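Chain by chain, the residues:
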Amino acid sequence: MDMIPTENNALVDMEMPLDPVYIGVETDNVDTPPSKRRKKKSMVWEYFTIETVSPGCRRACCKQCKQSFAYSTGSKVAGTSHLKRHIAKGGCPVALRNQQDPSTPFSAPSKLSYESAGHTNGQSQTTDPPKRRYRTASVPYAAFDSERCRQEIARMIILHDYPLHIVEHPGFVAFVRNLQPNFNTVNFSTVQGDCVATYLKEKQSVQNLIDEMPGQICLTLDLWNSCQTTGYVFVTGQFVDSEWKMHRKLLNVVMEPFPESDSAFSHAVSFCLSDWNMEGRLFSITINQKLSEIGISSLRSLLSEKNPNILGGRLLVDRCLARSLSNVTHEAFKVCRETVNKVRDCVKYVKTSEELEEKFLELKQQLQVPSTKTLALDDQTRWNTTYEMLLAASELKEVFLSLDTSDPDYPKSPTGEEWKQVENLCACLKLLFDTANLLTSPTLSTTNTFFHEAWKIQLELNRSATSEDVGISTIAKPMKASFDTYWQNCCLILAISVVMDPRFKMKLVEFSFTKIYGDEAVSYIKLVDEGIHQMFLEYVGGLDGNVKQEDVAGLGLTDFDMYIMEKTSQQSKSELDQYLEESLLPRVHEFDVMGWWKLNKVKYPTLSKLARDILTVPVSAVAPELVFESGIKEMDRYRCSLRPETVEAIVCAKDWLVGGGGGGGDSVDMMKGLVKMEFPI
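About the thresholds
Residues numbered from 1 in each chain as written. Predicted model: local features only at pLDDT ≥ 70, side-chain atom pairs only at ≥ 80, totals over all residues. Heavy atoms only, no water. Salt bridge = Lys/Arg side-chain N within 4 Å of Asp/Glu carboxyl O. Helix = DSSP H or I, 4+ residues; strand = E, 2+ residues; numbered from the N terminus. Buried < 20%, exposed > 50% of the residue type's maximum accessible area, 1.4 Å probe, protein only. Phe/Tyr/Trp six-rings, centres within 6.5 Å; stacked < 30°, edge-to-face > 60°. Lys NZ or Arg CZ within 6 Å of the ring centre and 35° of its normal. Core = buried A, V, L, I, M, F, W, Y, C linked by side-chain atoms within 4.5 Å. Contact = heavy atoms within 4.5 Å. Expected span 1.5 Å × (residues − 1). Polar contact = N/O pair within 3.5 Å; in protein donor to acceptor, adjacent residues only side chain to side chain. Axes fitted to C-alpha atoms, helices over the stretch in contact; angles between N-to-C directions. Parallel < 35°, antiparallel > 145°, perpendicular 65-115°, else oblique. Nonpolar A, V, L, I, M, F, W, Y, C, P; charged D, E, K, R; others polar. Pairing = 2+ DSSP bridges. 1 Å grid on protein atoms, 1.4 Å probe; cavity = no way out; pocket = protein on both sides within 12 Å on 5 of 7 lines; lining within 4 Å. Points joined across faces, edges and corners; volume = space filled by probe spheres on them. Patch = residues over 30% accessible without salt bridge, like charges linked within 9 Å, V, L, I, M, F, W, Y side chains within 5 Å. Areas by Shrake-Rupley, 256 points an atom, 1.4 Å probe, with all protein chains shown as cover. Lys, Arg positive; Asp, Glu negative; His and termini not counted. Charge placed at Lys NZ, Arg CZ, Asp CG, Glu CD. Left-handed = near helix turned anticlockwise from the far one by under 90°.

*Asks:* Hey, could you go over the pattern of salt bridges for me, with residue numbers and the actual values?
*Replies:* Side-chain pairing between opposite charges can occur once the charged atoms of the two side chains come close. Overall, the coordinates contain 21 salt bridges when judged by the stated rule. Between E147 and R150 there is a salt bridge whose closest N-O contact spans 3.6 Å. Residue E147 and its partner R150 are located together in helix α4 (residues 146–160), separated by three residues, close to a single helical turn. For R150, a relative accessible area of 22% translates into the label partly exposed. Between R639 and D636 there is a salt bridge, and its shortest N-O distance comes to 4.0 Å. Accessibility expressed as a relative area gives 15% for R639, which makes it buried. Looking at D636, the relative accessible area reads 36%, which means it is partly exposed.

*Asks:* Let's hear about the packing of aromatic side chains: which residues, and what values?
*Replies:* Enumeration over the complete set of coordinates arrives at 23 aromatic pairs. Taken together, the ring pairs connect F451, W487, F513, Y517 and Y524 into an aromatic cluster. The ring of W276 is capped by K203, whose NZ or CZ atom sits 5.1 Å from the centre of that ring. For the cation-ring pair, K505 lies above Y579, with the distance from its terminal atom to the ring centre recorded as 4.4 Å.

*Asks:* Describe in detail the nonpolar core, supporting the description with residues and values.
*Replies:* F400, W487, M500, F513, W597 and I614 are the most contacted members of the largest nonpolar core, which has 166 residues in total. Element by element, the count of residues in this core is highest for helix α16 (residues 470–499), at 13 residues. Once you skip the residues sitting within four places of it in the chain, W487 turns out to touch F451, A454, W455, Q458, F513, I516 and Y517. In terms of nonpolar packing, the next biggest core, distinct from the first, is built from twelve residues, V44, A60, V77 and L83 among them.

*Asks:* If you had to explain helix α6 (residues 188–211) to someone new, which residues and values would you point to?
*Replies:* Three or four residues apart is the spacing at which side chains of an α-helix point the same way, because the helix has 3.6 residues per turn. If you check α6, its first and last C-alpha atoms are 34 Å apart, about what 24 residues at 1.5 Å a residue would give, namely 34 Å. Among the residues of α6, the N-terminal cap falls to N187, whose side-chain oxygen and the backbone nitrogen of S189 are separated by 3.3 Å.

*Asks:* Just give me the short version of the packing of helix α10 (residues 337–351) against helix α12 (residues 383–395), but keep the residues and values in it.
*Replies:* One way to put it is that α10 packs onto α12 with a least axis distance of 10 Å and a crossing angle of 75°. Put simply, α10 runs roughly perpendicular to α12. Facing α10, whose interface residues are V340, V343, R344 and V347, α12 presents T386, M389, L390 and A393. Among the residues forming the contact of α10 with α12, the class breakdown is six nonpolar, one polar and one charged.

*Asks:* Break down the sheet that holds strand β12 (residues 282–287) for me, with residues and values.
*Replies:* Strands sit in the order β11-β10-β9-β12-β13 across an open sheet of five strands; the sheet is mixed. Each edge of the open sheet carries a strand with a single partner, namely β11 (246–256) and β13 (316–317). As paired strands, strand β10 (residues 231–240) and β11 are joined by ten bridges and run antiparallel to one another. Within the sheet, the bridge partner assigned to V233 lies in β11 and is V254. Helix α24 (residues 644–659) rests against β10 and β11 of the sheet, and its axis sits at about 165° to β11.

*Asks:* Got a sec to walk through the layout of surface pockets? Specific residues and values, please.
*Replies:* By volume, the largest pocket is sized at about 1,100 Å³. Of all the secondary-structure elements, those providing two or more residues to the lining of the largest pocket are β9 (217–224), β10, β11, α14 (416–439), α23 (637–640) and α24. The element best represented in the lining of the largest pocket is α24, accounting for six residues. Residues belonging to the lining of the largest pocket are distributed by class as follows: 24 nonpolar, nine polar and nine charged.

*Asks:* Tell me about a negative patch on the surface, residues and numbers included.
*Replies:* Residues E354, E355, E358 and E362 make up a contiguous surface patch of negative charge. Looking at the secondary structure, you find E362 in helix α11 (residues 354–367).

*Asks:* Kindly report on the packing of α14 against helix α15 (residues 448–465), identifying the contributing residues and their values.
*Replies:* With their axes 10 Å apart at the nearest point, α14 and α15 run at an angle of 165° to one another. If you check the angle between α14 and α15, you find them roughly antiparallel. The chirality of how α14 crosses α15 is left-handed. On the side of α14, the interface is formed by L431, L432, T435, L438 and L439, while α15 contributes T449, F450, E453, K456, I457 and E460. Residue classes in the contact of α14 with α15 are distributed as six nonpolar, two polar and three charged.

*Asks:* Explain the environment of Y486 to me, and be specific about the residues and the numbers.
*Replies:* Along the chain, the position of Y486 falls in helix α16. Using a relative accessible area of 1% as the deciding quantity, one classes Y486 as buried. Measuring from C-alpha to C-alpha, the distance between Y486 and S324 comes to 6.6 Å, with 162 residues separating the pair along the chain. In this structure Y486 touches R319, C320, L321, S324, A454, C491, L494 and V619, once residues within four positions along its chain are discounted.

*Asks:* Help me get a handle on the sheet that holds strand β6 (residues 76–77), residues and values and all.
*Replies:* Strand order across the open sheet formed by four strands is β3-β4-β5-β6, with antiparallel pairing between neighbours. Edge positions in the sheet fall to β3 (48–54) and β6, since each of these pairs with one other strand and no more. Looking at chain direction, strand β4 (residues 57–62) and strand β5 (residues 68–73) are connected through five bridges and run antiparallel. Bridged to C61 within β5 is S68. The sheet contacts of helix α2 (residues 81–88) involve β3, β4 and β5, and relative to β5 the element is tilted by about 165°.

The following block contains the structure:
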């Protein structure tokens, strides 16, 4: 079948008549009398007129932009596809501006096709003329929108961490021009403005969420270094909304010229509170690294100044759990450094050759080693990979020992005593690994969850450090010394949070402290009891703290007001005592502690507010994907080259866009995102 091109490269079948009913093309032959001309049925003619430009030559003229296109020359007739593209694909600038209603004729363009009679499977079946058949496009037409394209480019850059200069890269520019010639490419300054505009739009949604929160906010501070000796403090807020759902939002990325200074974190907190209009609503601060005494004192002073009623600034968690676990594992790896290096060399030898890896697997099958672990080299910047490498190698030690005797090039394998050390090391690290995995969960866990983990780690390290097995105690002693620092700093907050769990209350504190401290447990239990009662009284006092003292003094009723407050406090104390005296709830693995307080807020109007805030305190200051990282993160060179305001805009906007902005973000419906735990009692 021969095809000939017409104007505008439309192809016409030479074996078929040029009647429009056969090829789906409208014709208007000049030699045909007007009364016998076929009526044009294509919707394209609502937008075009036919003009004769010379004898035998006519062109289709766009009614909107007046541009003309080939239509017919002599007996050759062009199709209408190029005319439809002009209107429907954004070629006509006037149609582009006017055609916003998807109900227009070209909102869902129809595609015209035909099946030629007499050409089915190459065999002539009938002499009837073919019938026109339409297929409707599955994707509705959307008019080209240049502004929307710019917004999507900004979102793309934010979501995927692309450099802002990508819009000026020749490859990107060529791609966009071929994709949509009518799009005016943007430069760095334009896309920077678009990214900031996206940030400001999302920020307003988050601001609305914060403005409506009924309680207080907990902040975490995560310091990143840079190649320019400046630092970036990531300030994240965690809070509960009016529906008792927890949220975690990255609020600010504050560039600090002198990150090692004692005031760097305090400045970042003050900036955040001012930027988000949260003065007087700060509940706690959690930081990810060790500070000097002056730095800690500065933060405590700020905390007590911004919220003087809550334990006098004692809700400062200056030991992030994720960073503390990394430090503890580092101490363990230091003790076993030589053994760990030997195991790593053995794994490397096997994994760097496909032939050796196949030989290793054959030996495993021959020896019938039941382990399902797979060997993998560790990433020394992520301690979980080292733990998993050691655990797998320990289970496959028989294969390594066999390889040692059969392969002369095999590096020196660990001795039997060293393999025993690997087993002891893995046993000591297991609890830490399991706890860290909880921190990587995409759902937010309430603070009480981590009391269970922390006290079990403390108890196990106490036992291991005093073990008669020298191999175990040698590893555990430095680990215990490192974790003691975290436990001493965070024990009070974690204990108060678990008291707010109606399944445990003070009973678990009494049980766990007795296990940990023995005869000295009574004094530590008393500290927790006094702490929670003090917090409760401060919440009770906060209900009446809205009355200004000068207003009361002006009425001459200062003594009377103090009398009423004392009576109210005495009566309200029973709210906490009543809760503590009631029976424990049955222990179930999937328990919604925040939902329980939501249901009981009428019964415990003041205590429920305390529970809402204390259960929201974050134990980790790093993002879930960074929990296993060793050391401090560093901002990349490209972002360091941008203005600090731009860095904050693209980093924060990504957090909000990925999480859903003000619509929820990392919010957790506590009825759906529950954490299963195994309780020791």
